[in-house]
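Notes for the structure review
Each chain, letter by letter, is given below.
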Amino acid sequence: MSSTYILSGSYATAEQAGITLWELEPATGKLTKQAEVGGVERPSFLAAHPNGTSFVAVSETGDGEVVAYWLNPQKGLIQELNRQNAGGDHPAHITIDEDGQWAVSVTYSGAHVTVHPLSADGSIGEMTDSKRHKGSGANPDRQDAAHPHSAFQLPGTNRFFVSDLGMDAIVRYRLDLHSGMLEQEAVTKTAPGAGPRHLAFHPSEDFAYGVNELDSTVSVYALEGKGLKAVQNISALPEHFTGNNTAAEIAVSGDGRFVYASNRGHDSIAVFRVAKGLLEMVGHADAGGAGPRHFTLVPNSPWIVIAHEESGTIAVKKIGEDGMPGETADMVDTVAPVCVRLLK
């Protein structure tokens, strides 16, 4: 069985190796460091190009940057290609469209959604468009202004959904695949104070699942027309938990049977069973470390890879037939990991 490769991003300084390439051994879940690269301040979120030989990262700083890289995973090589201005302060998320032509990123503090073109070699061009969000929410400490936190492409379309934590809203954009220009099409409001963060789509049904950072819930949406219709809201926490918590990442299993969400504070992975698109709580698995900011499900395997920002570790856990992550197959130390992404 061939190896799987994973990239991790972090809140490392420019002097540290902030991006690391790992090889995941499919049979055992063991992680082996293949390469690492520094030179970028807080290279937090990453997106892999469908060509399999390049990726992009955001430098999550004031007046941040987007950075493009070439890599050869088999030989353990990573090389920076070029950089462009992110168009705002603290870029927090970036995604590459399915055809590999455009990078769509968001700046959390700058409140911008921006588009950059990608060349055939993976290098990044000058910005083609930028849209600024304006608004606020019910939480005065975290929602004083708009804070777009992520942009996710609806598979098979040129539509992107941007979750704005500050506005309690998910904004749908149409991306012109020729010009790189964005057109706002619809806005879906969440519950006041929810703080929408990330979104995931069901692989075969017309449902989307949004994780809400501030109230630690998961919202279920039916995909209708140009927007989202809320059909369910369910807590990501155990019923009697009273401590501080913020939810972070969400993902749907490849077979569409389970949805996973991470809790920072409770330090767990919440597991939900999917029944006709709606969610039923299965239980909570120990995340294996402190501050599980991000995780990824490895396709066609039992592995979930979890990045723990607070404990500085990445864990590989085995998912059982019941959908629950169980034993830890491997644990590696690394600087403040905040993103783990599969190479495509």
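Here's a quick rundown of the structure. Computed from a prediction, not measured in an experiment: that's the story for all the values here. (Residues numbered from 1 in each chain as written. Predicted model: local features only at pLDDT ≥ 70, side-chain atom pairs only at ≥ 80, totals over all residues. Heavy atoms only, no water.)

A separate point is the environment of Ser-3. When you line up the elements, Ser-3 lands in the segment before strand E1 (4-10). Separated by 70 residues in the primary sequence, Ser-3 and Pro-73 place their C-alpha atoms 10.0 Å from one another. Excluding residues within four positions of it along the chain, Ser-3 makes contact with Glu-23, Leu-24 and Pro-26. In this structure the side chain of Ser-3 is engaged in a polar contact, spanning 2.4 Å, whose partner is the side chain of Glu-23. (Helix = DSSP H or I, 4+ residues; strand = E, 2+ residues; numbered from the N terminus. Contact = heavy atoms within 4.5 Å. Polar contact = N/O pair within 3.5 Å; in protein donor to acceptor, adjacent residues only side chain to side chain.)

The next point concerns the side chain of Thr-313. Summarising the element assignment, Thr-313 is placed in strand E26 (residues 313-319). A relative accessible area of 8% places Thr-313 in the buried class. Among the polar contacts made by the side chain of Thr-313, one reaches the side chain of His-308 at a distance of 2.8 Å. The contact partners of Thr-313, leaving out residues within four places of it in the chain, are Ile-306, Ala-307, His-308, Met-331, Val-332, Asp-333, Thr-334 and Pro-337. (Buried < 20%, exposed > 50% of the residue type's maximum accessible area, 1.4 Å probe, protein only.)

Where the residue is not glycine, phi is negative for most of them; where a peptide bond is considered, it is trans in most cases. With phi around 55°, His-90 is a residue other than glycine that occupies positive phi space. Tracing the backbone shows His-90 in the loop between strand E7 (77-85) and strand E8 (91-96). Overall, His-90 belongs to the partly exposed group, its relative accessible area being 29%. Although it is not a glycine, Asp-267 adopts a positive phi angle of roughly 50°. Within the secondary structure, Asp-267 is located in the loop between strand E21 (258-264) and strand E22 (268-275). A relative accessible area of 22% means that Asp-267 is categorised as partly exposed.

A word on the packing of aromatic side chains. Per the stated rule, a full pass over the model turns up three aromatic pairs. Aromatic side chains Phe-161 and Phe-201 sit 5.9 Å apart centroid to centroid with 55° between the ring planes, which places their arrangement in the tilted category. Residue Phe-161 is located in strand E13 (residues 159-164), and its partner Phe-201 is located in strand E16 (residues 196-201); the two are separated by 40 residues in the primary sequence. Exposure remark for Phe-201: the relative accessible area of 14% places this residue in the buried category. (Phe/Tyr/Trp six-rings, centres within 6.5 Å; stacked < 30°, edge-to-face > 60°.)

Another aspect to go through is the pattern of salt bridges. For side chains of opposite charge, pairing can occur when their charged atoms come near one another. Counting across every chain of the model gives 12 salt bridges. With a closest N to O distance of 3.1 Å, Arg-83 and Glu-65 form a salt bridge. Note that Arg-83 is positioned in strand E7 and Glu-65 in strand E6 (residues 65-72), a separation of 18 residues in sequence. Within the structure, one salt-bridge network assembled from shared partners comprises Arg-142, Arg-197, Glu-213 and Arg-264. (Salt bridge = Lys/Arg side-chain N within 4 Å of Asp/Glu carboxyl O.)

All quantities given are derived from atomic positions and should not be read as evidence of function.
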